[in-house]
Amino acid sequence: MPGQDDTDRLPELHNYAYKVMCTVSGFGATELGFRPAGSRAALDTATYLRDEMRRIGLEEVRIEQFPVVGWDFRGASLDVHSPEPWSAIASTYGGVVGTPPVGIRAEVVRAGSGRLQDFSRVDPSGKIVLLDWTFGDGAWVSFPVTEAASRGAVAAIVYSSANFAQAPGALNCHNSKLGESIPVVNVSKTDGERMAEILARGPMEATVRLNAALLPGATGNNVVGVVRGTTWPDQYVLVGSHLDAWFHGFIDNASGTGVLMAIAKSMVNSDERPRRTVVFVAHDAEEFGAVGTDFDFCLGSHWLITREHPDWAGKIAAYVNLDQVCCPNDRDFVVASTPDLSEFVEEACARIGPLAGYPGGFSFGVPPSVWTDAWPYATAGVSAIQNGWSESDFTEQIYHTQYDNADNFGRDKLPATVEVFRRLTLELASRPLLPYAFSSPLRDLAASLANLVPKPWAGFTTEGTENTEGIRVEKTLSFSVSSVPSVVSEEDAGNVQPHPEEEEAITRTRDLIERAVGEAERVERRLKEAEGLVAGADVQSRVSTLLMQAAGALNRNLLTLGGERGKSPTLHHEHYANDARALARALAALEAGDRMAAAAALEGVFSPKFGRNYSCTTYQSEFLQRLDPDRKDLNWGTDRLAACTDVYGEYTALASSDGDASWVLDSLERKHAAALKNFRSALLRVEGMARDLLGAFTQMDVFIGQAGIRSDR
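> Explain empty space enclosed by the protein to me, using residue names and the numbers behind them.
In this structure the tally under the stated criterion is 9 cavities of 30 Å³ or more. Considered as a void within the structure, the largest cavity measures approximately 80 Å³ in volume. In this structure, the largest cavity is lined by Thr338, Pro339, Pro367, Trp375, Ala378, Thr379, Leu554, Asn555, Leu558 and Leu559. Of all the elements in the fold, those that place two or more residues in the lining of the largest cavity are helix H9 (374-379) and helix H15 (537-557). In terms of residue count, H9 provides more of the lining of the largest cavity than any other element does, 3 residues in total. Classifying every residue of the lining of the largest cavity by side-chain character gives 7 nonpolar, 3 polar and no charged. Looking at the second largest cavity, its volume works out to about 60 Å³.

What follows is the structure, encoded as structure tokens:
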């Protein structure tokens with residue numbers, strides 16, 4: 001393993017990482033913290049990191065600015081006036097607008113979780129609405145708030161009885177997706193439930209105050225520093241974190257930034273420099289930086305790879321993301337990656353050995369999370385690795401609360417975290433040939449297509465546990481067969497077979513993918529045989545360039561954003577296959593005269609989950625418009641976004657026993673045809689990817705033969 005000569009400096013690195021974490025978490029706009037993009041606190045953080053990168057010896061250090069909608073938050077409060085006076089500390093959600101300085105005083109009414117049935121029992125017009133947001137149906141906080149605003153509410157008070165901010169007295173903050181809506185404050189679970197109990201006995205009056213404002217035309221700041229490669233300086237490995245945060249953000253994400261800086265320091269001080277250039281990036285606006293879109297997060301990473309440095313996409317060997325590391329109760333050390341790097345990650349981690357602070361050992365996931373900076377890189381075609389999180393109560397208790405501080409940081413896990421990601425980065429930056437594996441994800445893709453005929457659907461599969469030199473290695477999510485859970489039972493799915501033309505298209509695409517599997521296996525075998533290759537640096541560079549081209553074709557085209565919330569990673573064809581199957585079941589039920597069965601079948605289409613619980617106005621504005629692939633002004637994710645099949649009206653008509661449903665059959669037939677058309681288009685995209693991969697594999701095969709690459713064994 002390259003870079004082993006600096007292991008005696010590791011304790012110093014751990015202390016340095018922790019010092020950086022403490023400094024970064026100290027920047028904040030209020031006593032509670034907060035350093036959102038566009039704020040003075042975020043700029044101060046970026047300036048500190050720039051100066052620190054220069055101090056430790058990184059090269060080409062700079063701040064790269066990009067446009068954001070900033071947010072200035074200075075504090076919030078809640079004062080209850082009657083039936084008895086008392087006050088509560090409060091927070092809010094990123095991007096929410098403030099109240100007048102005197103606040104908003106009004107009667108408070110309780111509206112449960114803010115669904116249609118809740119508002120059927122209360123009139124919020126001119127009132128402040130108390131909402132219990134639990135994320136139980138997957139709807140973001142913007143859904144119940146928008147529902148309240150559309151009914152005339154003047155402000156909202158939000159608490160969470162489950163899922164978020166469950167620690168005693170915990171406040172909460174996330175990106176709101178609200179923008180110019182009504183003011184919203186949130187209070188702790190204890191205070192929220194106290195208000196609900198008082199309202200159950202009688203009326204209440206309160207004042208909410210929120211000192212917050214949107215800052216259109218603000219600037220985000222990505223901080224970049226470089227360790228120049230000795231052999232292939234024009235090939236890159238990127239290591240990234242994000243510098244913005246809610247509250248103090250010690251774990252999310254001063255922790256990742258501290259580990260990033262420690263890895264950078266170790267490379268500068270090492271006697272053996274990396275052969276590829278390593279670029280260290282602290283991204284801004286990972287948490288929030290836009291309004292009017294579901295994609296108001298990960299803006300700094302998206303800007304860097306698509307606008308600031310789009311030419312890097314074909315030159316980056318891998319992107320390594322560090323976000324929310326060392327969660328206190330994690331048992332497993334989780335590493336997630338794009339499919340092409342999963343085998344490398346498992347093999348490299350198995351060589352590291354047992355991990356202090358992680359009694360469960362390693363576990364692995366595919367693909368990276370949509371909610372981190374790894375995703376914009378992956379969709380740009382860059383192979384990516386990120387730390388993951390095992391099951392713990394951190395998300396429920398501490399995540400995005402004022403308790404995300406040094407007291408709750410898992411410092412015993414820091415040595416292992418620095419070491420694992422230091423070694424992964426060094427290996428990627430110095431291996432003569434990049435360690436991608438294409439045959440495995442392609443086999444899984446072929447299996448997914450095969451499962452559509454005769455079985456139209458298959459859900460998650462989880463591989464078992466295996467032991468590698470005494471280390472527990474567990475796949476938390478297998479990429480095999482499907483990336484999204486089934487909503488169609490196997491029994492029902494078996495009754496809905498594909499049309500002959502769809503079956504022919506599926507078979508054609510599967511055959512092409514299986515041919516690509518064979519070519520990938522052959523190239524991988526030849527490269528494996530030449531593992532200690534005797535070849536010049538220029539030959540190695542050319543082979544790695546071809547490998548990066550193949551990885552780019554795979555990562556750009558394998559996955560899309562679809563599923564229940566429109567932002568779940570899924571294979572392109574599976575999103576449309578699911579909708580087409582559910583629509584076919586609904587049509588069959590209608591033709592049999594079973595209206596309720598047809599409505600139940602439509603629940604299998606991904607979009608109506610929200611429509612069942614909210615008004616058409618809220619459903620349209622908070623779901624369909626924000627996830628419209630044609631609204632490129634709203635979504636950085638549009639070119640990776642599957643189209644939604646909107647059956648809100650049809651579902652509502654069928655679910656109502658006395659509603660007019662005479663028009664539904666014709667409408668569903670049209671939408672079923674559209675879903676099948678989208679399905680065929682998705683298959684064509686998969687075929688295009690397969691042809692690109694076949695071309696790259698052929699070039700590699702020819703070049704390996706012409707270059708006379710041979711093993712020195």
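> Summarise the pattern of salt bridges; cite the residues concerned and give the values.
Under the defined criterion, the tally for this structure stands at 26 salt bridges. For glutamate 205, the salt bridge goes to arginine 105, with nearest N and O atoms at 3.1 Å. Taken together, the residues glutamate 205 in strand S7 (residues 204-227) and arginine 105 in strand S3 (residues 104-110) connect sequence positions 100 residues apart. Accessibility expressed as a relative area gives 29% for glutamate 205, which makes it partly exposed. Taking the shortest distance from any N to any O, the salt bridge between glutamate 650 and lysine 671 comes out at 2.8 Å. A residue pair is termed long-range when its members are at least 10 positions apart, and glutamate 650 in helix H20 (residues 648-655) and lysine 671 in helix H21 (residues 664-707) qualify at 21 residues. Looking at glutamate 650, the relative accessible area reads 2%, which means it is buried. Sharing partners across several salt bridges, the network here consists of Glu519, Arg522, Arg526 and Asp701.

> Would you mind going over the nonpolar core in detail, with residue names and values included?
Core analysis: the largest hydrophobic core is formed by 182 residues, its most contacted members being Phe280, Phe438, Leu442 and Ile513. The biggest single contributor to this core is H21, with 12 residues. If we ignore the near neighbours within four places in the chain, the residues touching isoleucine 513 are Leu442, Leu445, Ala446, Leu449, Val686, Met689 and Ala690.

> Account for the side chain of threonine 92, with residues named and values stated.
As for its position among the elements, threonine 92 is in the loop between strand S2 (86-89) and S3. Among the polar contacts made by the side chain of threonine 92, one reaches the main-chain carbonyl oxygen of valine 184 at a distance of 2.5 Å. Once residues lying within four places of it in the same chain are set aside, the contact partners of threonine 92 are Trp71, Phe73, Asn172, Cys173, Val184, Val185, Asn186 and Leu210.

> Could you give an account of helix H4 (residues 142-150), naming the residues involved and the relevant values?
Counting buried residues in H4 gives 7 out of 9 residues, a clear majority hidden from the surface. When H4 is considered as a whole, its buried residues turn out to be Ser142, Phe143, Pro144, Val145, Thr146, Glu147 and Ala148. With its phi angle positive at about 95°, glycine 152 sits one or two positions after the end of H4.

> Please set out the confidence of the model for the protein chain residue by residue, giving values where relevant.
The share of residues in the protein chain with pLDDT of 70 or more is 88%, and the mean pLDDT across the chain is 87. Low pLDDT, under 50, characterises residues 1-7; the predicted model gives this stretch 19 contacts beyond four residues in sequence or across chains. With pLDDT under 50 throughout, residues 455-496 is counted as low confidence; its partners more than four residues away or in other chains account for 101 contacts.

> Provide a residue-level description of the pairing of S7, including the pertinent values.
As judged from the 19 bridges shared by strand S1 (residues 59-82) and S7, these two strands associate in the antiparallel manner. Across the sheet, valine 80 pairs through a bridge with alanine 206, a residue of S7. Two strands pair when backbone bridges link them, and S3 and S7 are joined in this way by 5 bridges, in the antiparallel orientation. Along S7, the bridge assignment pairs alanine 106 with alanine 206.

> How would you explain the pairing of strand S13 (residues 384-387) if you had to name every residue and give the values?
Of the two faces of S13, the one carrying Ala384 and Gln386 and the one carrying Ile385 and Asn387 are both buried. Pairing of strand S10 (residues 316-321) with S13 involves 3 bridges; the strand directions are parallel. Opposite valine 320, over in S13, you have isoleucine 385 as the bridge partner. Note: strand S11 (residues 332-337) against S13, 3 bridges, orientation antiparallel. The residue bridging alanine 336 from the neighbouring strand is glutamine 386, located in S13.

Scoring rules and cut-offs
- Residues numbered from 1 in each chain as written.
- Predicted model: local features only at pLDDT ≥ 70, side-chain atom pairs only at ≥ 80, totals over all residues.
- Heavy atoms only, no water.
- 1 Å grid on protein atoms, 1.4 Å probe; cavity = no way out; pocket = protein on both sides within 12 Å on 5 of 7 lines; lining within 4 Å.
- Points joined across faces, edges and corners; volume = space filled by probe spheres on them.
- Helix = DSSP H or I, 4+ residues; strand = E, 2+ residues; numbered from the N terminus.
- Nonpolar A, V, L, I, M, F, W, Y, C, P; charged D, E, K, R; others polar.
- Salt bridge = Lys/Arg side-chain N within 4 Å of Asp/Glu carboxyl O.
- Buried < 20%, exposed > 50% of the residue type's maximum accessible area, 1.4 Å probe, protein only.
- Core = buried A, V, L, I, M, F, W, Y, C linked by side-chain atoms within 4.5 Å.
- Contact = heavy atoms within 4.5 Å.
- Polar contact = N/O pair within 3.5 Å; in protein donor to acceptor, adjacent residues only side chain to side chain.
- pLDDT = per-residue confidence, 0-100.
- Pairing = 2+ DSSP bridges.

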